[in-house]
Structures are given as structure tokens and as C-alpha cells.
Amino acid sequence: GFTCDADFCSTGTGCIADTDLDHCGPTCLVCPAVADATRTCDGTGCGFTCDADFCSTGTGCVADTDLDHCGPTCLVCPAVADATRTCDGTGCGFTCDADYHRCGDRCDPDPDTNVAACGPSCAVCFDPLFGGPTCTGGVCGLSCWASHHVCGGDCVSDSDPQNCGPTACVPCEPPANATATCNGTSCDFACDAGFEKVGAVCAPLPPRPKSPLSTSTTTTRRPVFSWELVPGTTGAKLEICATRACTAPLVAELTGDVSVRVPFDLPGGVYYWRLYGMAGADVGSRAGVLWQVRIPAIGTGVDSAGLRALDLNADGLADVAVSSDVQHKVFVHVTADDGAVPTTATATLTGPATMSFGKYVATAGDVNGDGYGDLITGGNNPPRIYFGAASGGVSATTLDLKSCGRLGVAGLGDVNGDGYGDVAVAGSPQYVSEDWKAFVFYGSKDGPNGDPVTLQLSVPTPLVPGDVAVGNLGDVNGDGFADLVVGESYSTTGRAWIYLGSAEGIGSSGTSLTTPPASAAWFGNAVGGADVNGDGYADAIIGAPEPMSSGLTPYVAVYHGSSTGISTTHAVKLTGVTNMQLGRSVSGAGTLTDDVYEEVIVGAPGTAQAFVYYGSASGLSAASVAILSSSYSGGEFGVAVAGAGDVNGDGLGDVLVGERYAYIGDCFTYSGDQGAVHLYLGAASSVTTPATTNLLGVCLPYNGAFGTGVARWLPRLLPRLEAAPTLLTHAVDAPGRAECRR
């Protein structure tokens, strides 16, 4: 036997190489023929290699373009929807059917309109937020909603400031201090807070003036003007002018502060001032509200200012308001340009019948900051504000305050430093058992239309009939806030209280004034204020007229103000005689002569007289007085008195005296009365007599009552100079507010 060497196989008779196609492998097999292939033997077994363009199925060779044996590896080509399989000998493929086109490994229909496979590239068209995709002619596009258009491959609003209009893709460019806007067609802009649109720019809004209050009079020729800036602005331009037109300002000051002191002495006279806003170096194009102020011919060492007159049209000439509570009317006489008071009323204000409308009438000051003086009336009806106006003196707009009892009224000036005039209302009890109260209403841009601060007064023991009076006191301590004097009077005695203003508003507790020795019957029946000694601090004037036929002596007491407040002990007591009712009415009169001291006018209707007491460095004196009287008979001359302010524009104060129930001419013949109001002008050394102007009421049987009340001015106030003013609301939540109602 024999054993073949390695790599050889036995044929039985010999050995042959085991790679021989007919003797293959260890057992010398004969390798079979395979179609389209070449036999192979690797020494272990038979095999085959397919010819070119053929692939092996494992048992044979098939053309490599066969769809089920495609390519060198004989792959089975998968089916594709809407397509025909193909094989190119290297790998599978497919050809999309008609109306289809290839998109990756699929066939999609309509390549010209299919947004999911648009065009030859099979693009997925962008779907915008404010529209939808399109595919047109194989090109992606956008279809935007109404009021939108295409910009930068997206749909944007026609009102988008960055792409304004139906076709534009250019951003709007706003001016300084503004934000761009678009109305859907063209660019626009909205000004930032503190600015207003003026043409193509945003100009700073004007500040709100605060002091001196409009229609006020200063006591210095170099006053401080103050204001409140609009948030967003940085300063103000102050202009002070000699005329309302303000075409040639005497002062034009640019400042980043909220107050400016005039750097030189202004000549005495009436001036107008206004403010422009500033933002950096830019000055606004529009001035704010025009305010009026009077500068005295002779100033004092104290810088103060306050309301001296009823000046409804803010022309610098005081106007006159006269009431007849029986007729339920108030008659307004607007002074003419030449200083003459018309004898026929410019406007007649009519209130509700049977409510004693107009029993009380007073200047309210500028309670809404529009630059015009306002008027307040009271009676048994709710107090009513009549707003001043340039034309006719009285606006058609009125404001009824909340009702709080039998209502005496007074303008106070600015008790909380917010730049609006405030008013007080006396809540006299209608019945003996009711509470005694006073109410303070704060001004605002809409007037004093909010809830009042209630001042609860002491109640007399035992309970007796009486009255509450409120008065325009002024600033007794020089802190820049107006203060309030309140009187409580009854048949046996009386009280008077001083309530101080502050940044928080009127104080909730008052300082009681000590009554002078002897009788205090009806002490506090009439109250007021004036700076009688020229020290810059308001002094309180308290009348104690005594009941008729009581046998008691009437008097007026004066209490001086100071930097520490009011003196509770009277500085002077001006006495009358029994039954003359001296002090039934009292009022500051302003400076009637050419000095710097303020006078006081006091009514004594029991003897049909009025007394003008002249101020001096030491105050009032019974030895320095002018006595006024009437040529008519039967009337209560002096039942109402008032400092009128400067009616004729000569720089001196004037006074008014009411005389109701006066018998005049034929009216007396027919058992009627008319009543009258008399105007006395100030002069260099004393008040001018007789009266320059006499306003006569309508003749009515027995009870005309014309002259029951005349509007009074407010004593001067120190201006607020704080750097950061605060707008205030009612600071005192005292009891009794709920009973006040419209």
C-alpha cells in the first residue's frame, strides 16, 4: 500500500495533486461543470467562479442584471410603490412610473405642486407661522395670510415695524424717545412716556406747575417758582412774561431742577409763567398751562405767595361774586379790562330752590390747576365748584362736592403741597344732637371730587344750638403748607381751632385758641386770616359778634403766627358796643395802602357799619381804623365783608361790603328791599370813601337778601420748595366720612 504525500490524493493506483479538477480534495473528487462558470478546486473541495456579468446563487450562476439576483452578490431587488425595479449589474434601482418622480427611496406624485416633495430636489417646503407653503412649477414658495407679506423667506405682519407695509421688508426708523409703529401701510411711531408727538419728533411734555398757585400774589419780588417734572423728562424751561401772549419773556431759564428763584427784582405787577419740558438739551415745543401771578411793588424779606382775589379769567383784575340765598342765586361780575366792575352781572348762577343756595360764597383758588381761579358756593345744598374760564369768567362745567350738613365754605390754598387749591366745608349740625365737623376736600386735575378728610370737632356740653365756620387762614408757621382755621360758636361761648397742613394733608387734630377774658358768646362765628404785622406768617382773625339784645360786648381777636406756629393767646382784642355785632363777618383785606402790611375788614351789621383796621409792624390797633357805612336805610350793612383783591389794577387791594335787605328808592315805597354790595378801593394812605361802585339787587317784597355773601380771597402762603414732590390722596381716615354723600 502507499500513503500519498501532503497536498496529494490517492487515485487507487497512484497519487495526484488534490487541486486537480478531476481529483479534487483528499478524496480525489471529479469537480462537476457549472454553466456560465469556471470549475475551481482549492485542495479541500470543488467550487466554481461565475463568469463576468454573472453572480453566484450558491449552486449556479445567474446574470447579475436579474432583478432577483442583482449585482455581484445576487441581491433580490425590493419592490417600490409607483415604480419599476431595475438592476444594472452592480446594484438594485427603480424607475418611477409616469407622473411620479423619485424622492430618495420613494416615488412621489406631482413634483410641480407637492409641498412635501417639491421639484427635482424633492424639497419639503417651509411652513410659516402666519401662512402656508406652496410648490409651483417645482419651486417652493409661501402663501401668507391677509395683512401679511413675505419677507426673508417667512410671512410677517404688514403692521410689523421691522417690515412695515404690504410689500416692504425694511424696518421703520423711529425718532429719539420713541418706539416704531406701523399702521399696515406706512411707518409711524409712539412717543415714550414723558413725550408727545410733534410732527416727526417726540418732544418732552411740559412739567406741571405747583407754586406760586395761579392767581396768587407773592410777597417778594424774587419769588421761587416750582413744578413737578413728567417722568421720563430731565428738566424744564421756565418763562415769565408780562403779557398773556408771552411773546417776549422777561425770564427764560433752563434747569434740571424742580424750582428756580428769579435772579433779579421783578417790577410790581401781574405776570404770567409757563413751562416747557426738557430731555437732555432738547426743549419741548409746547408750553404747559399758563399760570398768572402778581408781584408786589414792595417786597418783604419773607418769600411767600397766596391767593388775594377771585380772578375767574386770570386777567390780573379781581372779579366780584355776590349771593342772595333767598333768590338762590350767585351773581358774578367779571371786571372789565379798564378795571371797572359792571353793575350788571356777567353771569348768574342759580341753585336749587329752598336750599339757601349761595348763602356762602368764596374764592376756591385754582382747584384743578388750569390756571383760572374758581368759585365755591354753599348753603343747605351740597357745596358747588364753578370753574373759572377765559371767556365769561365762569365755565359751564361745575362740580358738586359731597354733602356734609349746613355748609359754610372757604378756599384754603394748597394744604398738602400738590399744586392744587384745596377747599374746606363747615359741617354745622342741623339738629342740636348732631356732631360738629369740618371737612377738607383736596384739589386735583379734576377738581376736589374725592372723599373729604373729616375733622371731628368737640361737642358743647350741654348741647346747645350753634354754628361751625371755616376760614381761609394762610400759612401760620411758614412751612409752605396752607393751614385752616375753624370756629365753633354757640349762644354762650365758642371755640376756634388751627389745623396745620403738611405733605400728608391736613392734620387730624387742631390747636385750640384761648378765648379772651370776659364773654365769649358766639366766639368763632366768623374766622379768617391775614398777615397784619408783615412778618410773613399768617395771623388768625376770630369774630365774637354776641347775640343781639344780649347786653354783651362784641369783639374781634387776632392771634399772631410765627415760625413755631400760632400763638394761642390773642395779640389784640378789638371791641365794639352792645348790639353792634362787631365780628359778624371778618376777612383779610390785603394791602390797601402802599405799605407791606395787610389790613383786616370787620362787619358790624347791628349798627350798619364795617371797619377797616390797618396793619403795622406791631399788628392791628383800634386807633388805626377806617369806618365804612351806607347811604341806604334798613339794610344789614356789614353782614358780609371781603377782601376783593386788586379790582382796578393799581397794585392795591380793595374791599367789598354786603348790605342785604337795604331799602333803595322806589323799592322801599312798595314794601320791598333790594340789598347792595359796595366796592371800596384802596389808596396810598387809606381806603377810598364813599364806595366807588354799588351793585344793587333786584327789588323783591321784604326779602331780597342780595349781598348775603361776597367772595373772599385767601391769605398768602409760603411756596413748596421740596425737590421731589409727591402726589397725595386723603391722608386722614377720620370718622364721619360715610355720612358725606352726593
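Above this text sits the structure in question.
One structure accompanies this document, and this report is about it. (Residues numbered from 1 in each chain as written. Predicted model: local features only at pLDDT ≥ 70, side-chain atom pairs only at ≥ 80, totals over all residues. Heavy atoms only, no water.)

This part is about the state of the cysteines. A covalent bond between the sulfur atoms of two cysteines is referred to as a disulfide. Within this structure, the stated rule accounts for 18 disulfides. Two residues share a disulfide in this structure: C4 and C15, whose sulfurs sit 1.7 Å from each other. Between C4 and C15, the disulfide has an S-S torsion of -95° and is therefore left-handed. Linking C4 in the segment before β1 (8–10) with C15 in strand β2 (residues 15–17), this pair joins segments that are 11 residues apart in sequence. Exposure remark for C4: the relative accessible area of 18% places this residue in the buried category. Sulfur-sulfur distance for the disulfide between C96 and C107 comes to 1.9 Å. With the S-S dihedral at roughly -90°, the linkage between C96 and C107 falls on the left-handed side. Taken as a pair, C96 in strand β12 (residues 92–96) and C107 in strand β14 (residues 106–109) lie far apart in primary sequence, 11 residues in all. For the pair shown, C96 and C107 are each scored as buried. (Disulfide = S-S within 2.5 Å. Helix = DSSP H or I, 4+ residues; strand = E, 2+ residues; numbered from the N terminus. Buried < 20%, exposed > 50% of the residue type's maximum accessible area, 1.4 Å probe, protein only.)

Moving on to the pattern of salt bridges. On inspection of all chains with the given rule, the structure shows 13 salt bridges. When the shortest N-O distance is used, the salt bridge between E239 and K237 registers 3.3 Å. In this structure E239 comes out as buried when scored by relative accessible area, which is 5%. For K445, the salt bridge goes to D446, with nearest N and O atoms at 3.2 Å. (Salt bridge = Lys/Arg side-chain N within 4 Å of Asp/Glu carboxyl O.)

We now examine the pairing of strand β59 (residues 676–680). Of all 5 residues in β59, 5 are buried, a share of seventy percent or more. Note that β59 and strand β60 (residues 693–696) share 4 bridges and pair antiparallel. In the strand pairing of β60, A676 is matched with L696. (Pairing = 2+ DSSP bridges.)

For the rest of this paragraph, the subject is the environment of G494. Here G494 lies in strand β46 (residues 494–499). Taking relative accessible area as the criterion, G494 reaches 5% and is therefore assigned buried. For the pair G494 and F523, spaced 29 residues apart in sequence, the C-alpha to C-alpha distance is 4.4 Å.

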